[in-house]
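Each chain, written out:
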Amino acid sequence: MTQIARLLAANEAYAAARASVADANPTRRLAVITCMDARIDVFAALGLHLGDAHVIRNAGGRVTDDVLRSLALSSHVLGVDTAVVMQHTKCGLAGVTDETLRQLTGADLGFLPIDDHAAALRSDIAILAATPYLTPLKVIAGFVFDVVSGEIDDIVRWERPA
Ligand SMILES: [Zn+2]
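Notes on the structure follow.

Analysis parameters
Residues numbered from 1 in each chain as written. Predicted model: local features only at pLDDT ≥ 70, side-chain atom pairs only at ≥ 80, totals over all residues. Heavy atoms only, no water. Donors = N, O, S within 2.8 Å, 3.2 Å for Na, K, Ca; no water. Helix = DSSP H or I, 4+ residues; strand = E, 2+ residues; numbered from the N terminus. Buried < 20%, exposed > 50% of the residue type's maximum accessible area, 1.4 Å probe, protein only. Expected span 1.5 Å × (residues − 1). Pairing = 2+ DSSP bridges. Axes fitted to C-alpha atoms, helices over the stretch in contact; angles between N-to-C directions. Contact = heavy atoms within 4.5 Å. Patch = residues over 30% accessible without salt bridge, like charges linked within 9 Å, V, L, I, M, F, W, Y side chains within 5 Å. Areas by Shrake-Rupley, 256 points an atom, 1.4 Å probe, with all protein chains shown as cover. Salt bridge = Lys/Arg side-chain N within 4 Å of Asp/Glu carboxyl O.

Section: the coordination of the zinc ion
Tetrahedral metal sites with four donors have an ideal angle of 109.5 degrees; octahedral sites with six donors have ideal angles of 90 or 180 degrees. Only Cys35 (SG), His88 (NE2) and Cys91 (SG) from the protein reach the zinc ion as donors, at distances of 2.0 to 2.3 Å. All donors of the zinc ion come from a single chain, and their spacing in sequence reads C-x52-H-x2-C. Here Cys91 lies in the loop between strand 3 (82–88) and helix 4 (98–105) and Cys35 lies in strand 1 (residues 30–35), a separation of 56 residues in the sequence. Here Cys35 and Cys91 have matching classes, each one buried.

The structure is reproduced here in structure tokens:
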């Protein structure tokens, strides 16, 4: 079976058994920004269920313009007031340079490589906190997920001043 056929076959079983969620507003009023890394099961790792949270994923779990675009909608339209930025150990963006990644991919992009998770999380959370249209976000946390142990290191916490 091809990769695509396997997906469609799996979907038949899924659709037959699925419990649908009617409300598009995340019930935990939460958005999680994390890496696309295949080893991170975001819902299981954080005790979340379908309908609880927005999950916004990209390479590195970095705050990019597209993350800001999504959070503008999460926070203003869909009731989200809490954001978690969750990077992880053994990330492909850690300990590399833009130059290396440009050579590797042939893409002349800013890849937002990570030298130090604490510094990257502080920088990304500072962007979220300072973005004028994200004022509905009241609490932001920065985590590092350990892909070996599954444990989370709680690195940064920010709350909007009253
Ligand atoms: Zn990663």
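Quick look at unusual backbone geometry
For Arg29, which is not glycine, the phi torsion reads 55 degrees and is therefore positive. Taking the relative accessible area as the measure of exposure, Arg29 reaches 42% and is therefore partly exposed.

Structural notes on helix 1 (residues 3–17)
Between its first and last C-alpha, helix 1 extends 22 Å over 15 residues, near the 21 Å set by a 1.5 Å rise per residue. For helix 1, a buried count of zero out of 15 residues is recorded, marking the element as mostly open to its surroundings.

With respect to the sheet that holds strand 2 (residues 53–58)
Ordered in space as 2-1-3-4-5, the five strands form an open sheet in which the pairing is mixed. Each of the sheet's edge strands pairs with one partner strand only, and the pair in question is strand 2 and strand 5 (152–159). Recorded for the sheet is a direction-independent mean angle of 20 degrees between the axes of neighbouring strands. Relative to strand 2, strand 1 runs parallel, the two sharing six bridges. In the sheet register, Val32 faces strand 2, and the bridge partner there is Val55. Docked against the sheet, helix 3 (residues 65–76) engages strand 1 and strand 2, running at close to 175 degrees with respect to strand 2.

Structural notes on a nonpolar patch on the surface
Where nonpolar side chains cluster on the molecular surface, the patch consists of Ile4, Leu7 and Leu8 and spans about 320 Å² of accessible area. Looking at where Leu8 falls in the secondary structure, it is placed in helix 1.

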